[in-house]
Amino acid sequence: MIDDVIARLEKHAVLPAVIIDDAGKAESLAEAMLDGGLPIAEVTLRSPASLTALKLMAGFDEMLVGAGTVLNVLQAEQAVAAGAKFIVSPGMDADLIRWCQKQGIYIIPCACTPSEVMLALHLGLNCVKFFPSEPFGGLPILKGLHGPFPTMRFVPSGGIHLEILPYYLAFRPVMAVGGTWMIKSTWIKEDRFEQIRDACESTVAAVQEAHRKLALASRAKSI
């Protein structure tokens, strides 16, 4: 299952973070994301409705759904029971990481400093979340971390929007980019699911164009 999660993260190259207060809107949200060609979501555990929303979205076979803002093992257990296929955490908790590894659940904890990235490596991880990315310095900091940790991959998130997405995707250690620009919480509250669908379509198009340019650059270097 871990290999499948990684492959799908690499393919879609974005990880939409869902902040939802009304589980009754979860299925409409999943349908809008599927219609927009973006069948992947990190449902953040920030409201009492989150676990129910996660379960409803995970009920769509085409969707890859994980849980975000996971702070401890209990939350991870609840999220996996609800259908989460991966875990995202805003910090580096060894107990949480080891539990996920024992269960065969892919986990992406947050690391923003060299010491945290080194700890992630020692815990056997190959990817960390970099949050909040833009306030912490964004792409230049990621490039700086890549120097001493060339095998580590990153999922930057926080302050990133569609216009700067291609710059992050051009940096190969970035596995995927997290964000909410395509599924703003106000759009969910206001039932603006057509707007979410359109924003997902625009995001998919931006990812495809970024991947096309990367492929061209790789071919040029090999000539």
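Up top is the structure.
In this text the structure is predicted, and so the values were computed from the model without any measurement.

Asks: Mind showing me how you'd approach the overall build of the protein here?
Replies: On a plain count of helices and strands, the protein comes out with 10 helices and eight strands. Taken over the C-alpha trace, the protein has a radius of gyration of 17 Å; the compact-globule value for 223 residues is 17 Å, and the two agree within 12%. Referenced to the eigenvectors of the C-alpha coordinate spread, the extents of the protein come out at roughly 50 × 40 × 30 Å. A burial count over the protein gives 50% of its 223 residues as buried. Expressed as a percentage of contacts within the protein between residues at least 6 apart in sequence, the contacts between residues at least 24 apart total 60%. Here the protein holds 20 positive side-chain charges and 23 negative ones, and the gap between their average locations is 7 Å.

Asks: Help me understand the nonpolar core, please; the structure alone is not making it clear to me.
Replies: One recurring pattern in soluble globular proteins is that nonpolar side chains are buried together. Ranked by size, the top nonpolar core spans 83 residues in total, and within it Met57 and Ile196 carry the most contacts. Looking at this core element by element, the count peaks at eight residues for helix H10 (residues 193–222). Apart from residues lying up to four places away in sequence, Met57 is in contact with Val18, Ala26, Leu29, Ala30, Met33, Ala41, Val43, Met63 and Val65.

Asks: Is there a simple way to think about the environment of His12 in this case?
Replies: Along the chain, His12 falls in helix H1 (residues 2–12). C-alpha of His12 to C-alpha of Ile40: the two residues are 28 residues apart in sequence and 7.9 Å apart in space. When neighbours within four sequence positions are excluded, His12 is seen to be in contact with Gly37, Leu38, Pro39, Ile40 and Val207.

Asks: Is there a simple way to explain the side chain of Lys25 in this structure?
Replies: Tracing the chain through its elements places Lys25 in the loop between strand E1 (14–18) and helix H2 (26–35). Beyond its immediate sequence surroundings of up to four residues, Lys25 is in contact with Ile20, Ile188, Lys189, Asp191 and Phe193.

Asks: Before we go on, may I ask you to explain the environment of Glu116 in this structure?
Replies: As for its position among the elements, Glu116 is in helix H6 (residues 114–122). Note on Glu116: relative accessible area 29%, which makes it partly exposed. Once the C-alpha coordinates of Glu116 and Lys143 are considered, the two residues, 27 residues apart in sequence, prove to be 16 Å apart. With residues up to four places along the chain from it excluded, the contact list for Glu116 reads Met92 and Ala111. A polar contact of 2.6 Å, which involves the side chain of Glu116, links it to the backbone nitrogen of Cys112.

Asks: Help me understand the packing of aromatic side chains in this model?
Replies: The full count for this structure, using the stated rule, is one aromatic pair. Centre to centre, the rings of Phe130 and Phe136 are 6.3 Å apart; their planes meet at 55°, and the pair counts as tilted.

Conventions adopted
- Residues numbered from 1 in each chain as written.
- Predicted model: local features only at pLDDT ≥ 70, side-chain atom pairs only at ≥ 80, totals over all residues.
- Heavy atoms only, no water.
- Helix = DSSP H or I, 4+ residues; strand = E, 2+ residues; numbered from the N terminus.
- Rg over C-alpha atoms; globule rule 2.2 N^0.38 Å.
- Buried < 20%, exposed > 50% of the residue type's maximum accessible area, 1.4 Å probe, protein only.
- Contact = heavy atoms within 4.5 Å.
- Lys, Arg positive; Asp, Glu negative; His and termini not counted.
- Charge placed at Lys NZ, Arg CZ, Asp CG, Glu CD.
- Core = buried A, V, L, I, M, F, W, Y, C linked by side-chain atoms within 4.5 Å.
- Polar contact = N/O pair within 3.5 Å; in protein donor to acceptor, adjacent residues only side chain to side chain.
- Phe/Tyr/Trp six-rings, centres within 6.5 Å; stacked < 30°, edge-to-face > 60°.

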